[in-house]
Amino acid sequence: MGNVYCNLGTIKDAGSLGLTSTSYDTQLLRIAEVASRELDKYTDRFFYIYEGTFYQDGGATRVVLDFDVQTISTMLLDTGGDGTYTTSTNLTTAPVDFFLYPQNIFPKTRIEANPWGTIGHLAAGIRNGIKITGVFGYGNDWPADYVHTATTVVSVALASTDITVSVSTGSSFYGGMTLRIGTEQMYVTATPTGSTLAVTRAQNGTVAGTAVISTAISIYDYPQAITQACLIQTVRTWKRRESGYVNAIINTDMGNIQVFKGLDPDVKEIVNQYRRIRIQRYLG
């Protein structure tokens, strides 16, 4: 599944589980993955970074996007409604054909046509009328970047078919991290064995590539509140296994104790600030 918002290092550093061995790592990661997707669903957005192509219903001069955008490399329009994207848009040469908003911060959540551009509308009235290729996802809290460079590098040349990565120092990594090496994203599936990382290649729309020795490695980051919410949900789900995931626990001193199911109330309180508010869009 991948794209975990709290990795094994974060979970074990919490100090509430008392786990030092790797015996339960697979189960913990599985729970953290589920918790991360629950957060995506609750907030109606995703915080990892996806690179590829998304489609959007067209509009007149303003389009509220169904997804967060970091950057757009190309945007094509289907102005005839025939499923072909033949109208190119100018992104670089003034006057550009459209602007991304909000200005000055990330992620971007809407497109507005430039009245001085060469296109009159954004595929008005056309379902899936806009084809956007770029980088998507909420990422980290701006102005923090969504990726940082690790203090270690590739130590053995990487082939596109390898399922492990040799690094100069394995202690910098934990299962559940998403890495970037060159133009590829990869997911660390387990606690490193020495300086060897077990990975799932070609994640989030990227393609498996090669890397020479000393290639820099970057680690993807998420908002601290999202990481904390993922941690709380993961730890509490793990502890609930001790009760067999029942709805209530009988305590002789405190009586009948109800056990929360689904997203924890504390988690919801933490991430409410990230919930997307859908605005009805009118085509035309």
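Structure's up top.
A quick note: this is a predicted structure, and the numbers were derived from the prediction, not measured.

Q: Mind showing me how you'd approach helix 2 (residues 25–43) here?
A: Note that an α-helix has 3.6 residues per turn; residues three or four places apart therefore point the same way. Taking 1.5 Å per residue, 19 residues should reach 27 Å; helix 2 reaches 27 Å between its end C-alpha atoms and fits that length. Just downstream of helix 2, D44 is the residue with a positive phi angle, here 65 degrees.

Q: When you look at a nonpolar patch on the surface in this model, what are you seeing that I'm missing?
A: Together, I105, F106 and W142 give the surface a local cluster of nonpolar side chains, amounting to about 280 Å² of exposed area. Residue placement: I105 occurs in the loop between strand 4 (98–101) and strand 5 (108–113).

Q: Where do I start with unusual backbone geometry in this structure?
A: Excluding glycine, residues mostly have negative phi values, and the peptide bonds linking residues are mostly trans. A94 connects to P95 through a cis peptide bond whose omega is -5 degrees. Turning to its location among the elements, P95 is positioned in the loop between strand 3 (87–88) and strand 4. Look at the link from Y101 to P102: it is a cis peptide, with omega at 0 degrees. Relative to the elements of secondary structure, P102 occurs in the loop between strand 4 and strand 5. The phi dihedral of A123 falls on the positive side, at around 55 degrees, and the residue is not glycine. Summarising the element assignment, A123 is placed in the loop between strand 5 and strand 6 (130–136). Of the residues examined, A123 reaches a relative accessible area of 0% and is grouped as buried. Its identity is not glycine, yet N128 carries a phi of approximately 55 degrees, on the positive side.

Here is what the cut-offs are and how they apply
- Residues numbered from 1 in each chain as written.
- Predicted model: local features only at pLDDT ≥ 70, side-chain atom pairs only at ≥ 80, totals over all residues.
- Heavy atoms only, no water.
- Helix = DSSP H or I, 4+ residues; strand = E, 2+ residues; numbered from the N terminus.
- Expected span 1.5 Å × (residues − 1).
- Patch = residues over 30% accessible without salt bridge, like charges linked within 9 Å, V, L, I, M, F, W, Y side chains within 5 Å.
- Areas by Shrake-Rupley, 256 points an atom, 1.4 Å probe, with all protein chains shown as cover.
- Salt bridge = Lys/Arg side-chain N within 4 Å of Asp/Glu carboxyl O.
- Buried < 20%, exposed > 50% of the residue type's maximum accessible area, 1.4 Å probe, protein only.

In short, the description is geometric, and any link to function would need to be established separately.
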